[in-house]
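# Breakdown of the fold
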Amino acid sequence: MLILGLESSCDETAAAVLRDGHTLLSNVINSQVAVHSPYGGVVPELASRKHLENIYPVVAAALTQAGVTLDDLDGLAVTQGPGLVGSLLVGLSFAKAISAVKGLPYVGVDHIVGHLLSPFLEKEQPPFPYIALVASGGHSSIFLVHDHTTSQLLGRTRDDAAGEAFDKVGKMLGLEYPGGPVISRLAETGNPAAIPFPRAWLAPDSLDFSFSGLKTAVANYLHQRQEKNEPVNICDICASFQEAVVEVLCEKVLKAAQRHHIKTVALAGGVAANPRLRRTLQKLGAERGLRIFMPSLELCTDNAAMIALAGFYHFAAKATTSLETDAYSRSPVLHPGSVYKA
Ligand code: KG4
Ligand code: ZN
């Protein structure tokens, strides 16, 4: 089964061709970082316009690289939400148009479900059920993943997402957008114990996150230093901030695994590209006898391969989407406690 996946929920226009749910024939990603960088964050209107310009060449490149044409496809999978509605509509309308012209089935995929399943794009695949942490620019959530189309939210952020905190702290430090990759690079030479930034554990049994207090603590630290005319060590700030995020993410996801008696943990989303997070979770997981799965770096950040993969399993479960279906900005996956079935 040959599926074309499309992703346009934020600032990446992406298309991928996936064969039989495991063989990735192409994975094309056009990043808009250069467009949004001068503004220190994604400008929704600019994002939609860029998606419009990019969608055709990106899809054409994905088909060419895969050595296939639209006539070879068996179906399309496209991100339906959550994200910027103007941006989502570009990918969704493009998929609907191909579906209508070529008479192909298409399925709208939840972006978070795409991230949740992204470890399956690798050779070694996690057994069900597993605990997954999706940490990205828009979400920081812990799920119990029952199977390819069923998952249950166990915890989520009450304010900023982990990636959002990285990006906001990066902005405060005058670093390039997005802050995550730059902070993690600078942190490599900093001391993670230099500044005791707070960890928001919330209630003892809580699997929720909160990163806004940490962000404020970094702002206060910078402000106090400035007032006293004292120099700051950017690498130490990056390492100490990163440590606070990594510690809380790891501790909560391990707590979720323990509580549900699950021996498999998967990491996904843009923040899963963070080397310190990857190393720490591997180490703590090994100490507790857990198997840890994480996608390669390019499959952590937004891509269409994970959307094609999720689409494959939706089709396998006989789920298709009608041409009347609209994009959505908020995810139905994110209902605490309830089980989400695609
Ligand atoms: O999954 P993603 O590409 O898009 C969303 O769905 O949001 O995640 C993007 C987020 C950004 O906030 C970015 O700063 C963060 O992932 N990120 C990182 C790293 N690489 C990307 N955060 C920390 N360390 C990294 N190495
Ligand atoms: Zn994402």
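Let us look at the structure shown here. (Residues numbered from 1 in each chain as written. Chains lettered and ligands numbered in written order. Predicted model: local features only at pLDDT ≥ 70, side-chain atom pairs only at ≥ 80, totals over all residues. Heavy atoms only, no water.)

## Overview of the site of ligand 1
- Surveying the vicinity of ligand 1 reveals 20 residues, the closest of which are Gly137, Asp167, Gly270, Asn274 and Asp302.
- Between ligand 1 and His111 there is a distance of 3.2 Å, counted from an oxygen atom to a side-chain nitrogen or oxygen.
- In this structure, Asp167 approaches ligand 1 through a side-chain N or O atom, which is 2.6 Å from an oxygen atom.
- In isolation ligand 1 exposes 560 Å². Once the protein is present, 89% of that is buried.
- Breaking the shell around ligand 1 down by element, the ones donating at least two residues are α4 (111-117), α5 (162-172) and α6 (179-187). (Near = heavy atom within 4 Å. Polar contact = N/O pair within 3.5 Å; in protein donor to acceptor, adjacent residues only side chain to side chain. Areas by Shrake-Rupley, 256 points an atom, 1.4 Å probe, with all protein chains shown as cover. Helix = DSSP H or I, 4+ residues; strand = E, 2+ residues; numbered from the N terminus.)

## Quick word on the sheet that holds strand β4 (residues 75-81)
- The strand order across the open sheet built from five strands is β3-β2-β1-β4-β5, with neighbouring strands paired in mixed fashion. Two strands lie at the open edges of the sheet, namely β3 (23-31) and β5 (106-110), each paired on one side alone. For this sheet the average axis-to-axis angle between neighbouring strands, irrespective of direction, equals 20 degrees.
- Relative to β5, β4 is paired through five bridges, and the arrangement is parallel. Looking at β5, one finds that Ala77 is bridged to Val107.
- In this fold helix α2 (residues 44-66) packs onto β1 (2-7), β2 (12-19) and β3, with an angle of close to 25 degrees to the strand it touches most, β2. (Pairing = 2+ DSSP bridges. Axes fitted to C-alpha atoms, helices over the stretch in contact; angles between N-to-C directions. Contact = heavy atoms within 4.5 Å.)

## So, the coordination of the zinc ion (ligand 2)
- Only His111 (NE2), His115 (NE2) and Asp302 (OD) from the protein reach the zinc ion (ligand 2) as donors, at distances of 2.0 to 2.1 Å.
- Positions of the donor residues of the zinc ion (ligand 2) along the chain correspond to the pattern H-x3-H-x186-D. One end of the pair, His111, and the other, His115, are both in helix α4, four residues apart, so they sit about a helical turn from each other.
- What makes His115 buried here is its relative accessible area of 1%. (Donors = N, O, S within 2.8 Å, 3.2 Å for Na, K, Ca; no water. Buried < 20%, exposed > 50% of the residue type's maximum accessible area, 1.4 Å probe, protein only.)

## Digging into the pairing of β4
- The element β4 is largely enclosed, with a buried count of seven among its seven residues.
- Here four bridges tie β1 to β4, and the two strands are oriented parallel to one another. Paired with Gly5 across the strands is Ala77, a residue of β4.
- As for the winding sense of the linkage, the β-α-β connection from β4 through helix α3 (residues 85-102) to β5 is right-handed. (Right-handed = clockwise from strand over helix to strand, strands pointing away.)

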